[in-house]
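Commentary on secondary and tertiary structure
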Amino acid sequence: MIRTLVGVGTIVIASGGGGIPVVEDGPRLIGREGVVDKDLAAAILARDVEASTLLILTDVQAVQRGFGTDRAEPIERMTAAEARELLEAGEFGAGSMGPKVEAAVRFVEQGGGRAAIGDLDSAVAVLAEKSGTTIVSG
């Protein structure tokens with residue numbers, strides 16, 4: 001259904017965080033402790049509908065190296081491999097940019113064309129790679 005809607009030009013909002021995680025137990029669904037990460041859910045949905053671009057919109061202009069320090073600098077473009085290295089080095093906070101960069105990297109690593117992270121108010125510019133951070137395959 002989502003592919004059909006996208007195919008006719010509809011903008012679909014179909015993924016988010018929160019909710020109650022469940023597992024199947026025969027014919028029943030049993031609630032489990034956990035959190036549904038909205039960024040990873042979006043990456044999975046984008047992959048499943050074979051989207052060419054994953055756009056993650058937030059309240060910051062771009063991903064930053066050295067965030068919160070006097071050496072902070074925005075990253076305009078990086079490969080998935082470069083982003084993975086920075087993730088593994090702990091460059092992006094687990095409660096802030098880390099999950100967004102992880103989702104973007106997974107999408108690109110799993111065959112997505114590119115992912116972009118940026119400010120909601122600059123969505124068109126982020127999509128056009130004139131703002132935000134773009135992550136592409138290596």
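Residue numbers run consecutively from 1 along every chain, following the written order of its sequence. Per-residue local features of the predicted model are confined to residues with pLDDT of at least 70, and side-chain atom pairs are confined, for both listing and counting, to 80 or more; whole-chain, interface and lining totals are unaffected and use all residues. Calculated side-chain values reflect all of the structure's heavy atoms, with hydrogen atoms and water omitted.

Only residues whose relative accessible area exceeds 30% and that form no salt bridge enter a patch; like-charged residues are grouped when within 9 Å of one another, and nonpolar side chains (Val, Leu, Ile, Met, Phe, Trp, Tyr) when within 5 Å. Each accessible area is a Shrake-Rupley result for a 1.4 Å probe, and residues are judged covered by the shown protein chains and nothing else. We count a salt bridge whenever a side-chain nitrogen from Lys or Arg sits within 4 Å of a carboxyl oxygen from Asp or Glu. The grouping of Leu55, Leu57, Leu120 and Leu127 at the surface amounts to a nonpolar patch, some 320 Å² of accessible area in total. A run of DSSP states H or I qualifies as a helix once it reaches four residues; a run of E qualifies as a strand once it reaches two. Both are numbered from the N-terminal end. In this fold, Leu120 is placed in the loop between strand E7 (114-119) and helix H5 (123-127). Three labels apply to residues, based on accessible area from a 1.4 Å probe with only protein chains included: buried if under 20% of the type maximum, exposed if over 50%, partly exposed otherwise in between. You can call Leu120 exposed: its relative accessible area is 54%.

This brings us to helix H2 (residues 38-48). Within H2 the residues assigned to the buried category are Asp39, Ala41, Ala43 and Ala46. The contact definition used throughout considers only heavy atoms, calling two residues in contact when any of these lie within 4.5 Å. Those residues of H2 hidden inside the fold are in contact with strand E3 (53-58) and helix H4 (97-109). Distance and chemistry together define a polar contact, namely a pair of N or O atoms within 3.5 Å, with one atom able to donate a hydrogen and the other to accept it when in protein, and with adjacent residues in sequence counting only for side-chain atoms on both sides. If you check the start of H2, you find a side-chain oxygen 3.0 Å away from the backbone N of Asp39, and it comes from Asp37. Looking one or two residues beyond H2, the residue adopting positive phi is Glu50, at roughly 60°.

If you check which residues of helix H3 (residues 80-88) are buried, you get Ala80, Ala83, Arg84, Leu86 and Leu87. The arc enclosing the buried residues of H3, seen along the axis, measures out at 165°, which places them on a common side. H3 presents Glu85 and Glu88 as exposed residues on the side facing more than 90 degrees away from its buried surface. Where H3 is buried, its residues meet strand E4 (64-65), strand E6 (77-79), H4 and strand E8 (133-136). Looking one or two residues past H3, Gly90 carries a phi angle of roughly 80°, positive in sign. Comment: arc refers to directions from the helix axis out to C-beta atoms.

Any functional reading would require information beyond the geometric quantities listed.
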